[in-house]
Amino acid sequence: MVEELLFFMEVLVGGLLAGTMYSLVALGFVLIFKASATFNFSQGAMVFFSVLAFCGFMQDFNIPFVLAFILAALLMVVVGLCTERLVLRPLMNASEDTVLMATIGLGYVLEGLAQAAWGVEVRRLDLGIGDFPVPWIADNLKLFISALDIFAGLVAALMIIGLSLLFKFTKIGLGLRAVADDAGAASSIGIPLKHIMLLVWSAAGVVALVAGCMWGARAGVQFALVDLALKALPVLIIGGFSSIPGAIIGGLIIGATEKVLEVYIGPFFGGAIEGWAPYVLAIFFLLYRPEGLFGEKIIRRV
Amino acid sequence: MTYTKKDLTNLGVCMVLSLIIIPTFIKTEYWYTSILIPWLCLALATIGQQVVMGYTGQLALGAAGFMAAGAFAMFNLILRVPDLGFVGSLIVSGLIAAAFGILFGLPSLKVRGIYLMVATLASQFFIIWMIDKFGWFKNYDSSGIITAQDIVILGKPFTTPLAMYFVCLAVTTVLTLLAMNMARGSTGRNWMAVRDMDIAAESMGVSLLKTKVQAFAISAFYCGVAGALFAFCYLKSLEPVAFDIKLSFKILFMCILGGLGTINGAFIGAAFILLFPVLLNAVGNNVFHGAIDATIISSIEQVIFGLLMIVFMIYEPLGMAKLWENIKLKLKLKLTSSNRKT
């Protein structure tokens, strides 16, 4: 009995921590959605692009770790700048769906560029933190929890706290929220729309880089990261598109349910149900709470 | 429903082109097996995507899932119900895909935009997983790739590339005409009313439930038939991997670049997405003599598709079909004005 409970705990904790990895990706989506009410479908591609650039700088040019990270972050700022100039500004008055489709195109561009510049083979990324159980926890609590998972959880927590504080208490955060609410009104009272957009896209790029590092350290830096990032979509639906805590809670829910279902129900169906279980879970959430757990209620005016 | 003179001439031109000119002038098998047949199949799937996305305005991203459902339904029907015949199986497999379409289209009643996209992604992943995990669908074949049965219609085998081309052509023609009729009739007007403003449409007496579910069912039917043709005439094998999310994105691109809410856009878009990589490869091989790596070429192709998508969204959200219309209009204006001068 105790063993079973321990096993369940292990599955649950493993799932929760894996869920924070989804949260990290979802966070990038939320940032942009919160500030511009556009859904950035290319976030997954940004994760792939940024971490591949990071690996490329480190492995092809032998640039030290920290410097490579800064360079990759700067590259993401440039990507943000270009996106704002070349994609978002001309589409300022276009409908939501049009912008969404343009970001799908942007995703393709980033994926293609990344592969053209740094090749298609899987790269290993070593953060210096192994993806193996922490001995101390394994000895004392008899739980096998990966060190990388814990590290990712900590990083996610730090980023969430930082971003929440930024949104809540700084002038920039206030401006961001104003722009999200009504871009026209915000710019008419003198909030620099262009700077805000640039800032948000750069921040989302850096978040993507961090998320990419976590995923890359676990699964290798490869194209499959883009598909993994798609799983951030159900996370967003559950948590709500405009809520930073929602991204975390959504990620935890998806991570935990997916792992628990996989371990306990998966065998009855031949396994690998984690491929679609999050999406079905998201559908059920959509039917009962379309705005997500923490999202603002969607009011459509006629 | 009456047809204008223009419709009939268009149909005539297309028929002459596809039935007489192409078979007499194109003799190489490559053109049939690698370009014309997949073009027709994917154009058909794109029409399906058009119905739900271009006409009804529901952002869906699961066309390949429905194609897989159609393809594997076809395989099982021919295997287990041989009396049905090829055409019968094709229709029934379309209907099976349509059933999936209805099931996964139901969330569209509640949600829209990106939310709906996520819900339809569920169909994509679920259908592929289901086919992959339950051996029955694959007739307990362990290799993972099943060879498609030969196409036999009324006792006659259709196995040469040219014959398969005609099969695809016949199916595509019938379904395209049907789609055009639906799009122009009251069905299509309901779809467009829902697309342009669903609340207004509802208050005008258009049933959202009926319209949306109908659009999803018809869309999935087209995708299902297209998937069956794609597997039986083009791939000649069945494997779930062939219908992954990448194919769904491809069809989405065909639909958007071709021109949302147009039937001819489906054909233009499919041709473009299919032919462009061929062209790019040819340029890579002949101009640079293989100096550029194949993976780089495919990356460049991806970048160009993405860029085109952005450019079209900014300058011509209605896609290549609209571009074509504009060119025609300009030519016409030029011709008439030069006539007047003389």
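Residues numbered from 1 in each chain as written. Chains lettered and ligands numbered in written order. Predicted model: local features only at pLDDT ≥ 70, side-chain atom pairs only at ≥ 80, totals over all residues. Heavy atoms only, no water.

## What to know about the overall build of chain B
- Scanning chain B from N- to C-terminus turns up 13 helices and four strands.
- Rg of the C-alpha trace for chain B: 21 Å, near the compact-globule value of 20 Å for 342 residues, within the 12% margin.
- Dimensions of chain B, computed from C-alpha atoms along their principal axes, come out at roughly 75 × 60 × 45 Å.
- Of all intrachain contacts in chain B linking residues separated by at least 6 positions in sequence, the fraction that spans at least 24 positions is 78%.
- Counting only carbon and sulfur atoms, one obtains 68% of the accessible surface of chain B, whose full area is about 15600 Å².
- Here chain B carries 24 positive and 15 negative side-chain charges, and the mean point of each set is 12 Å from the other. (Helix = DSSP H or I, 4+ residues; strand = E, 2+ residues; numbered from the N terminus. Rg over C-alpha atoms; globule rule 2.2 N^0.38 Å. Contact = heavy atoms within 4.5 Å. Areas by Shrake-Rupley, 256 points an atom, 1.4 Å probe, with all protein chains shown as cover. Lys, Arg positive; Asp, Glu negative; His and termini not counted. Charge placed at Lys NZ, Arg CZ, Asp CG, Glu CD.)

## Some thoughts on the overall build of chain A
- When you go through chain A residue by residue, the secondary structure sums to 13 helices and zero strands.
- Its helices and strands in sequence order give chain A the pattern α-α-α-α-α-α-α-α-α-α-α-α-α, from N to C terminus.
- Computed over C-alpha atoms, the radius of gyration of chain A comes to 20 Å, within 12% of the 19 Å expected from 2.2 N^0.38 for 302 residues, which places it in the range of a compact globule.
- Referenced to the eigenvectors of the C-alpha coordinate spread, the extents of chain A come out at roughly 65 × 50 × 35 Å.
- Summarising the internal contacts of chain A: among those between residues at least 6 apart in sequence, 74% fall at separations of at least 24.
- One finds the centroid of the 17 positive side-chain charges in chain A at a distance of 12 Å from the centroid of its 21 negative side-chain charges.

## As for the nonpolar core
- With 207 residues, the main nonpolar core has F41(A), L229(B) and F243(B) as its most contacted residues.
- Among the elements that line this core, the one with the most residues is helix α9 (residues 208-235) of chain B, at 16 residues.
- With sequence-adjacent residues up to four places away left out, L229(B) is seen in contact with C41(B), L44(B), F86(B), L90(B), V167(B), C168(B), V171(B) and Y234(B). (Core = buried A, V, L, I, M, F, W, Y, C linked by side-chain atoms within 4.5 Å. Buried < 20%, exposed > 50% of the residue type's maximum accessible area, 1.4 Å probe, protein only.)

## Examining the packing of aromatic side chains
- One pass over the structure, following the stated rule, counts 34 aromatic pairs over all chains.
- Here the aromatic rings of Y55(B) and W191(B) are separated by 6.3 Å at their centres, their planes lie at 50 degrees, and the arrangement is tilted. Here the residue Y55(B) occupies a position in helix α2 (residues 29-55), and W191(B) occupies one in helix α7 (residues 186-196), the gap between them amounting to 136 residues.
- Taking the relative accessible area as the measure of exposure, W191(B) reaches 0% and is therefore buried.
- Members of the aromatic cluster, joined through ring pairs, are F29(A), F33(A), F39(A), F41(A), Y108(A), F241(A), Y115(B), F249(B) and F253(B).
- Cation over ring: K34(A) sits above F167(A), and NZ or CZ is 5.1 Å from the ring centre. (Phe/Tyr/Trp six-rings, centres within 6.5 Å; stacked < 30°, edge-to-face > 60°. Lys NZ or Arg CZ within 6 Å of the ring centre and 35° of its normal.)

## Some points on the interface of chain A and chain B
- Counting residues at the interface gives 46 residues for chain A and 42 residues for chain B.
- Interface area for chain A against chain B, summed over the two sides, is near 3900 Å², with a carbon-plus-sulfur share of 80%.
- Inspection of the chain A/chain B interface yields zero salt bridges.
- Our enumeration of links across chain A and chain B arrives at one residue pair in polar contact (both at pLDDT 80 or more).
- Taken together, the elements giving at least two residues each to the side of chain A that touches chain B come down to α3 (65-88), α4 (96-118), α10 (224-230), α11 (232-239) and α13 (277-288) of chain A.
- For the side of chain A that touches chain B, the element with the highest residue contribution is α4(A), accounting for 15 residues. (Buried area = accessible area lost by both parts, 1.4 Å probe. Salt bridge = Lys/Arg side-chain N within 4 Å of Asp/Glu carboxyl O. Polar contact = N/O pair within 3.5 Å; in protein donor to acceptor, adjacent residues only side chain to side chain.)

## Observations regarding the packing of helix α2 (residues 43-60) of chain A against α4(A)
All names here are of chain A.
- In contact at an axis separation of 9 Å, α2 and α4 are set at 15 degrees when each is read in the N-to-C sense. As the angle between them shows, α2 and α4 are arranged roughly parallel. Relative to α4, the crossing made by α2 is left-handed. In contact with A45, M46, F48, F49, L52, A53, G56 and D60 of α2, α4 contributes G107, L110, E111, L113, A114, Q115 and W118. (Axes fitted to C-alpha atoms, helices over the stretch in contact; angles between N-to-C directions. Parallel < 35°, antiparallel > 145°, perpendicular 65-115°, else oblique. Left-handed = near helix turned anticlockwise from the far one by under 90°.)

## Section: helix α6 (residues 147-169) of chain A
Residue and element names in this part refer to chain A.
- Its 23 residues place the ends of α6 33 Å apart at the C-alpha level, agreeing with the 33 Å of an ideal helix rising 1.5 Å per residue.
- All buried positions along α6 are accounted for by A147, L148, D149, A152, G153, V155, A156, M159, I160, L163 and F167.
- Of the surrounding secondary structure, the elements contacted by the buried residues of α6 are α1 (2-36), α7 (171-181), α9 (193-219) and α12 (244-264). (Expected span 1.5 Å × (residues − 1).)

## Things to note about α2(A)
All names here are of chain A.
- In this model, α2 (18 residues) spans 25 Å end to end at C-alpha, consistent with the 26 Å of a helix rising 1.5 Å per residue.
- The element α2 is largely enclosed, with a buried count of 16 among its 18 residues.
- N62, located one to two residues past α2, shows a positive phi value of around 55 degrees.

## Section: the side chain of E258(A)
All names here are of chain A.
- Looking at where E258 falls in the secondary structure, it is placed in helix α12.
- A residue is classified by how much of its surface remains accessible, and E258, at 3% relative accessible area, is buried.
- Filtering out sequence-adjacent residues up to four positions away, E258 remains in contact with Y22, K231, E274 and P278.

## A few points about a nonpolar patch on the surface
- Together, F7(A), F8(A), V263(A), Y264(A), I265(A), F268(A), F269(A) and F134(B) make up an exposed nonpolar region whose accessible area comes to about 720 Å².
- Positionally, Y264(A) belongs in helix α12. (Patch = residues over 30% accessible without salt bridge, like charges linked within 9 Å, V, L, I, M, F, W, Y side chains within 5 Å.)

## Some points on the pattern of salt bridges
- For the structure on display, the rule yields eight salt bridges over all chains.
- With a shortest N-O distance of 3.1 Å, D196(B) and R195(B) are connected by a salt bridge.
- Judged by its relative accessible area of 53%, D196(B) falls in the exposed class.
- Each of the salt bridges in this network shares a partner with another, and the network as a whole consists of K231(A), E258(A) and K259(A).

## Structural notes on unusual backbone geometry
All names here are of chain A.
- In this structure, N62 is a non-glycine residue whose phi angle is positive, near 55 degrees.
- In this structure, N62 sits in the loop between α2 and α3.
- Exposure remark for N62: the relative accessible area of 64% places this residue in the exposed category.

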